[in-house]
Amino acid sequence: MIITLLTLVYVVCVLLLTAFAIGSIALLISYLLHRNDPVPLSNITDWPSAVVQLPIYNEYYVVERLMKACAELDYPRDKLIIQVLDDSTDETSALVAKLAAYWRDQGINVQHVQRSNREGYKAGALAHGLMLIDCEMSAVFDADFVPPPDFLKRAITHMVSDPKLAAVQGRWGHINSGENPLTRAVTLALDGHFVVEQTARNRAGWLMNFNGSAGVWRVRAIEDAGGWRDTTLTEDMDLSYRSQLKGWRLLYLPDLVVPGEIPPVINAYKQQQARWAQGGTQCFRRWLIPVWRHPGLTLMQRLMATMHLAQYVVHPIIILVILLTPPLLIAHSLQNLNLGVLGMASLGPPLIFIFSQQALYIDWKKRMFWGLPMLIVLGTGIAWSNSRAVIRGLFDRHDEFLRTPKFAQKLSGNVYAMR
């Protein structure tokens with residue numbers, strides 16, 4: 001009886017993994033069909049007012065680079081505000097004050113915004129910042145990103161051309177892709193998401209998410225969707241789904257690249273992934289039923305949104321399969337199971353990595369050779385910590401928003417990077 005029950009659980013897990021794998025193949029097919037689709041564009045002469053919001057918390061090593069890049073953005077100075085939303089508790093605040101004064105002397109409208117506490121964490125800081133100004137557009141950059149000078153104009157041109165766009169998302173580039181085996185592996189995963197998955201979702205008309213950085217929001221769309229909220233640890237995905245279910249659309253631009261820093265040590269990467277897993281699962285809890293009840297969505301939009309929201313649930317399923325396999329092999333309960341469909345469908349994720357690397361790099365074969373084995377090991381290694389995060393998300397635990405440590409290629413002597 002127990003073996004029969006375990007076999008049933010095993011079969012359900014395999015079917016779920018097969019469904020996710022088939023979903024990845026659907027993404028790949030959509031990418032191949034739509035990757036060259038043109039994006040309509042109009043000439044803009046009257047630029048809307050814009051604020052660049054920089055939510056930071058103890059980012060001493062990267063904030064100067066970030067503020068310099070934002071101060072050098074090519075945008076009419078009389079229409080641009082740079083808000084440094086500084087919740088720091090260390091020497092970062094003194095550095096920001098000094099840098100803000102310097103850039104104000106250069107004619108840049110830089111506001112150094114400090115709160116008495118971290119209420120709402122990143123979402124709270126962004127919401128607080130918007131209360132202080134009156135702008136039409138809001139760009140968001142995390143502390144480790146370095147936007148190119150033309151970023152704002154390229155993104156906002158699309159926003160002005162299409163009044164139903166809530167946000168434009170750029171592609172994350174990589175400052176330190178080749179730093180070590182970990183960053184090379186994570187590069188494969190990020191490129192697969194940004195080159196193939198985001199392009200596929202957006203161009204096919206499926207629901208997608210803002211990635212928390214390197215994007216521009218229409219302030220009216222933020223307000224219409226209910227504003228930035230800290231009800232999940234992934235406030236970006238939460239706002240993305242709220243806005244899309246309200247009828248707004250998001251646009252992804254794979255050619256609009258903003259370099260960012262990949263966590264170069266395993267603890268930092270695990271911390272980042274656990275936060276994403278818990279927050280993503282909280283969004284799964286909140287938005288799965290509204291997605292399926294929404295009268296304006298097609299069946300394919302609902303299916304792909306379900307896969308998107310539940311993407312981190314894969315980790316506990318993998319753990320279950322690993323734990324169940326030995327006793328079921330001993331009991332000879334797996335002999336009659338035909339897992340050929342899973343074997344074929346499991347080619348989807350590696351193909352996503354291959355196509356993304358091929359699209360970006362001349363040496364894509366070398367990158368795959370060195371990066372894929374490490375990515376497989378990495379994915380297996382973080383499955384347990386991500387599974388715990390998924391369980392916390394399913395129970396809607398409201399844990400602290402733990403920042404991803406930023407290193408700026410300074411590993412030695414970085415005394416607070418893991419705070």
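As shown above, the structure is provided for reference.
Residues numbered from 1 in each chain as written. Predicted model: local features only at pLDDT ≥ 70, side-chain atom pairs only at ≥ 80, totals over all residues. Heavy atoms only, no water.

Enquirer: I keep staring at the overall build of the protein chain and nothing clicks. Help me out?
Expert: Secondary structure summary: the protein chain contains 15 helices and 7 strands in total. In terms of overall dimensions, the protein chain is globule-like: its C-alpha atoms have a radius of gyration of 22 Å, near the 22 Å expected for 419 residues. Looking at the protein chain as a whole, 55% of its 419 residues qualify as buried. Expressed as a percentage of contacts within the protein chain between residues at least 6 apart in sequence, the contacts between residues at least 24 apart total 83%. (Helix = DSSP H or I, 4+ residues; strand = E, 2+ residues; numbered from the N terminus. Rg over C-alpha atoms; globule rule 2.2 N^0.38 Å. Buried < 20%, exposed > 50% of the residue type's maximum accessible area, 1.4 Å probe, protein only. Contact = heavy atoms within 4.5 Å.)

Enquirer: How should the nonpolar core be read in this particular structure?
Expert: Judged by nonpolar contacts, the single largest core of 81 residues is most densely connected at Val52, Leu54, Met67, Phe141, Phe151, Leu152 and Trp228. In contact with Trp228, other than residues within four places in its own chain, are Ala123, Leu126, Ala127, Leu130, Val140, Phe210, Trp217, Ile222, Glu235, Asp236, Leu239 and Arg242. Counting residues in each nonpolar core, the second largest holds 38 residues, with Phe20, Tyr31, Val195 and Leu207 among its members. (Core = buried A, V, L, I, M, F, W, Y, C linked by side-chain atoms within 4.5 Å.)

Enquirer: What is the right way to read the pattern of salt bridges from this model?
Expert: Proximity of charged atoms lets side chains of opposite charge pair with each other. Scanning the entire structure with this criterion turns up 12 salt bridges. In this structure, Glu72 and Lys68 form a salt bridge, with 2.8 Å as the shortest nitrogen-oxygen distance. Glu72 gets classed as partly exposed once you look at its relative accessible area, which sits at 40%. The salt bridge partner of Arg249 is Asp162, with a shortest N-O separation of 2.1 Å. With Arg249 in strand S7 (residues 249-260) and Asp162 in the loop between helix H5 (151-161) and strand S5 (165-174), this residue pair connects regions lying 87 residues apart in the sequence. A residue is classified by how much of its surface remains accessible, and Arg249, at 39% relative accessible area, is partly exposed. Classification of Asp162 by relative accessible area gives partly exposed; the value is 21%. (Salt bridge = Lys/Arg side-chain N within 4 Å of Asp/Glu carboxyl O.)

Enquirer: Quick question: what am I supposed to make of the packing of aromatic side chains here?
Expert: Two numbers describe a pair of aromatic rings. These are the distance of the centres and the angle of the planes. Following the criterion strictly, the structure yields 12 aromatic pairs and no others. Ring geometry for Phe141 and Phe151: centres 5.1 Å apart, planes at 65 degrees, overall edge-to-face. Here Phe141 is found in the loop between strand S4 (137-140) and H5, whereas its partner Phe151 is found in helix H5, with 10 residues between them in sequence. Plain terms: the ring middles of Phe194 and Tyr252 are 6.4 Å apart, the flat faces sit at 40 degrees to each other, and that makes the pair tilted. Of this pair, Phe194 sits in helix H6 (residues 181-204) while Tyr252 sits in strand S7, and the two are 58 residues apart along the sequence. (Phe/Tyr/Trp six-rings, centres within 6.5 Å; stacked < 30°, edge-to-face > 60°.)

Enquirer: What is the right way to look at the side chain of His158 in this model?
Expert: In this structure, His158 sits in helix H5. Under the relative-accessibility criterion, His158 is labelled buried at 9%. Apart from residues lying up to four places away in sequence, His158 is in contact with Val39, Pro40, Leu41, Leu165, Val168, Leu251 and Leu253.

Enquirer: I would appreciate a short explanation of the pairing of strand S1 (residues 50-56) in the present structure.
Expert: Regular strands place side chains that alternate from one sheet face to the opposite one. Among the 7 residues of S1, 7 are classified as buried, and the element is accordingly described as predominantly covered. Here S1 shows two buried faces, one formed by Ala50, Val52, Leu54 and Ile56 and the other by Val51, Gln53 and Pro55. For S1 and strand S2 (residues 80-86), the ladder comprises 7 bridges, and the chain directions are parallel. Its bridge partner being in S2, Gln53 is matched across the sheet by Gln83. With helix H2 (residues 63-71) bridging S1 and its parallel neighbour S2, the resulting β-α-β unit is right-handed. (Pairing = 2+ DSSP bridges. Right-handed = clockwise from strand over helix to strand, strands pointing away.)

Enquirer: Just checking my understanding: could you explain the pairing of strand S3 (residues 110-114) for this structure?
Expert: The pairing of S2 with S3 spans 5 bridges and is parallel. Bridged to Val84 within S3 is His112. Taken together, S2, helix H3 (residues 92-105) and S3 constitute a β-α-β crossover, and its handedness is right-handed.

Enquirer: Can you help me understand the packing of helix H9 (residues 266-293) against helix H15 (residues 383-394) in this one?
Expert: Axis angle and axis distance: for two packed helices, these are the angle between their axes and the distance between the axes, and together they describe the pair. Between H9 and H15, whose axes approach to 7 Å, the crossing angle comes to 30 degrees. On the basis of the axis angle, H9 is roughly parallel to H15. For the pair H9 and H15, the sense of crossing is right-handed. For the pair H9 and H15, contact is made by Lys270, Gln273, Ala274, Ala277, Gln278, Thr281, Gln282, Phe284 and Arg285 and by Ser385, Asn386, Ala389, Val390, Arg392, Gly393 and Leu394, respectively. When its residues are assigned to classes, the contact of H9 with H15 shows 6 nonpolar, 7 polar and 3 charged. (Axes fitted to C-alpha atoms, helices over the stretch in contact; angles between N-to-C directions. Parallel < 35°, antiparallel > 145°, perpendicular 65-115°, else oblique. Left-handed = near helix turned anticlockwise from the far one by under 90°. Nonpolar A, V, L, I, M, F, W, Y, C, P; charged D, E, K, R; others polar.)

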